[in-house]
Amino acid sequence: MAQVEHLAERTPQVSTDELLKGFFPSPRFGSVSFDSYRPDPSQPSQSQAVSSMRNFASAVDVPEPTGLRKLFGAKKADSKAGFYLDGGFGVGKTHLLASLWHAVEGPKAFGTFVEYTNLVGALSFRKTVDALSAYKLVCIDEFELDDPGDTVLMSRLMRELADAGVKLAATSNTLPGSLGEGRFAAVDFQREIQVLADQFDVVRIDGEDYRHRGLPQSPDPVAEEDLAGRVAAEFSGKVVADDDFSALISHLSTVHPSRYRQLIDGVDAVAWHNVETITEQSVALRFVVLADRLYDKDVPILASGVPFDQLFTEEMMNGGYMKKYFRAVSRLTALAREGQTGESA
C-alpha cells in the first residue's frame with residue numbers, strides 16, 4: 001500500500017540556513033562532471049565551452065592575494081566576474097553549469113533564476129546580498145528576465161555580488177544584452193540590462209534545439225474512477241502526495257515559492273485529481289515553479305482531468321512567458337509518462 005499525504009495540508013517553515021542549503025544541483029545533476037559531458041563532434045563550440053568552463057573553474061579556485069602579495073601588486077588573472085553560457089535547449093548547458101559547481105570548492109550556490117528571485121522575496125534584498133556575498137561562486141541556471149522588476153532586482157544583485165568578489169556563472173538561451181525581449185519594453189530598461197551583460201564573458205554553445213520539434217505527446221489522463229487503484233498498484237510502499245488539483249493550486253498561493261522544494265520533501269510520487277486548465281497568469285507561474293521542483297526530484301505523476309498539454313491557455317502558450325510554460329508542459333509530460341509507463345523522465 002502507498003502512504004498517502006496531501007501537499008495541500010503542508011505548510012513548511014524554513015529558516016534562512018535551510019533555504020540556502022537547498023541551493024545545489026538537483027539529483028539529475030548530482031554527480032555530473034566536465035568529463036561526463038559528451039560533446040557533439042559536429043558542434044566544435046561544445047568542446048570549446050567545456051574548455052572555457054574548466055578555465056573559469058580554475059580561476060574561481062585561485063585565492064585572492066593577501067598580505068605582501070596584495071601589497072606588491074599580485075592579483076588574480078584578469079577576468080570578468082561572470083561566465084555566461086548561451087545556447088538552445090537540450091545542448092547540455094545545465095550539465096556544464098552543474099559540472100562547474102562540482103569542480104569548485106565551496107562555499108557556493110546553484111539554483112535557477114526563479115529560485116534566486118524567490119530567495120530575495122523570502123529574505124529581502126539586503127539579507128540575500130549579505131548571505132550570498134560570503135560565497136565564492138553563484139551559479140544561475142535558466143537565466144531570464146520576465147518583468148521590469150526582475151530586471152532591476154537582478155542587475156543590482158549581480159552588481160553587488162561582483163563587487164563583493166563573488167564569481168557568477170549563468171546559462172540561458174538568450175544573450176545577456178537581449179534579456180527581456182518580447183516580454184516588456186526592454187528598451188526602457190537597457191541600462192539595467194547592460195549592467196547585467198557587462199558582468200559576463202559570453203560563450204556560445206551550439207547544437208540541436210530539441211524543443212523546436214514541438215511539445216511531446218501527453219499521455220491520456222487516468223480516468224478519475226481508476227486513479228486510486230492505479231496509485232495503489234504503481235506506487236505501493238511509496239509516499240504519495242494525493243491532492244485535488246483545485247485545492248492544490250489554491251494552497252500554493254499560501255506557500256512562498258522559495259519553499260516548494262521543502263513542500264515536496266519526502267514525496268516519492270504525486271496523484272492529482274481532476275486537473276483543469278489554469279486561466280490566471282499568477283497561478284500558472286506559481287505552478288511552473290512546482291513543476292520544476294518535481295522534475296528536479298524526478299517525482300512521477302498520475303493524474304485525472306485534462307492532459308498536461310492543455311494545462312495552460314492558448315494565450316499563455318503564445319505569450320511573453322511561453323518558454324516557461326513549454327518547459328513546464330514538457331517536464332510534466334515526462335513525469336506523467338514515468339508514472340503511467342515507468343518510462344524514465
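In what follows, the structure referred to is the one given above.
As the structure is a computational prediction, the values presented were derived from the model and not from experiment. (Residues numbered from 1 in each chain as written. Predicted model: local features only at pLDDT ≥ 70, side-chain atom pairs only at ≥ 80, totals over all residues. Heavy atoms only, no water.)

> Before we move on, can you summarise the sheet that holds strand β2 (residues 82-86) with the specific residues and values?
Read across the sheet, five strands follow the order β3-β4-β5-β2-β6 without closing on themselves; strand pairing throughout is parallel. Sheet topology places β3 (108-112) and β6 (200-204) at the edges, where each strand pairs with a single neighbour. Across the sheet, the axes of successive neighbouring strands diverge by a mean angle of 15°, strand direction being ignored. The pairing of strand β4 (residues 137-141) with strand β5 (residues 167-172) spans four bridges and is parallel. Bridged to leucine 137 within β5 is lysine 167. Across the sheet, helix α5 (residues 113-123) is in contact with β3 and β4; its angle to β3 comes to roughly 105°. (Pairing = 2+ DSSP bridges. Helix = DSSP H or I, 4+ residues; strand = E, 2+ residues; numbered from the N terminus. Axes fitted to C-alpha atoms, helices over the stretch in contact; angles between N-to-C directions. Contact = heavy atoms within 4.5 Å.)

> An account of the packing of aromatic side chains is requested, with residue identities and associated values reported.
With the rule as written, the count across this model stands at seven aromatic pairs. Following the ring pairs from residue to residue traces out a cluster consisting of Phe245, Trp272, Phe287 and Phe308. For arginine 156, the ring lying beneath its charged end belongs to phenylalanine 125, and the centroid distance is 4.0 Å. The side chain of arginine 261 reaches across the aromatic face of phenylalanine 24, ending 5.6 Å from its centre. (Phe/Tyr/Trp six-rings, centres within 6.5 Å; stacked < 30°, edge-to-face > 60°. Lys NZ or Arg CZ within 6 Å of the ring centre and 35° of its normal.)

> Let's hear about the packing of helix α2 (residues 44-61) against helix α4 (residues 93-103): which residues, and what values?
Packing of α2 against α4 leaves a shortest axis separation of 10 Å and a crossing angle of 30°. Comparing their axes, α4 and α2 come out roughly parallel. Note that α2 runs across α4; the crossing there is right-handed. Contacts between α2 and α4 involve Ala49, Val50, Met53, Phe56, Ala57 and Asp61 from the first element and Leu96, Leu97, Leu100 and Ala103 from the second. Its residues assigned to classes, the contact of α2 with α4 comprises nine nonpolar, no polar and one charged. (Parallel < 35°, antiparallel > 145°, perpendicular 65-115°, else oblique. Left-handed = near helix turned anticlockwise from the far one by under 90°. Nonpolar A, V, L, I, M, F, W, Y, C, P; charged D, E, K, R; others polar.)

> Residues and numbers for the pairing of strand β9 (residues 301-305), please.
Looking down a regular strand, the side chains alternate between one sheet face and the other. In terms of burial, β9 is a largely internal element, four of the five residues being buried. Handedness of the strand β8 (residues 269-275)-helix α12 (residues 281-296)-β9 crossover: right-handed. (Buried < 20%, exposed > 50% of the residue type's maximum accessible area, 1.4 Å probe, protein only. Right-handed = clockwise from strand over helix to strand, strands pointing away.)

> Which residues make up the nonpolar core, and what values do they have?
Ranked by size, the top nonpolar core spans 41 residues in total, and within it Trp272, Phe287, Leu290, Phe308, Leu311 and Phe312 carry the most contacts. Put simply, the parts of the chain that give this core at least two residues each are α10 (245-252), α11 (260-263), β8, α12, β9, α13 (314-317) and α14 (322-341). In terms of residues, this core owes the most to one element, α12, which gives nine residues. Those residues in contact with leucine 290, other than ones at most four positions away along the chain, are Leu248, Leu252, Tyr260, Ile264 and Trp272. Formed by 28 residues, the second largest nonpolar core is a distinct cluster that contains Leu19, Tyr84, Tyr135 and Ile140. (Core = buried A, V, L, I, M, F, W, Y, C linked by side-chain atoms within 4.5 Å.)

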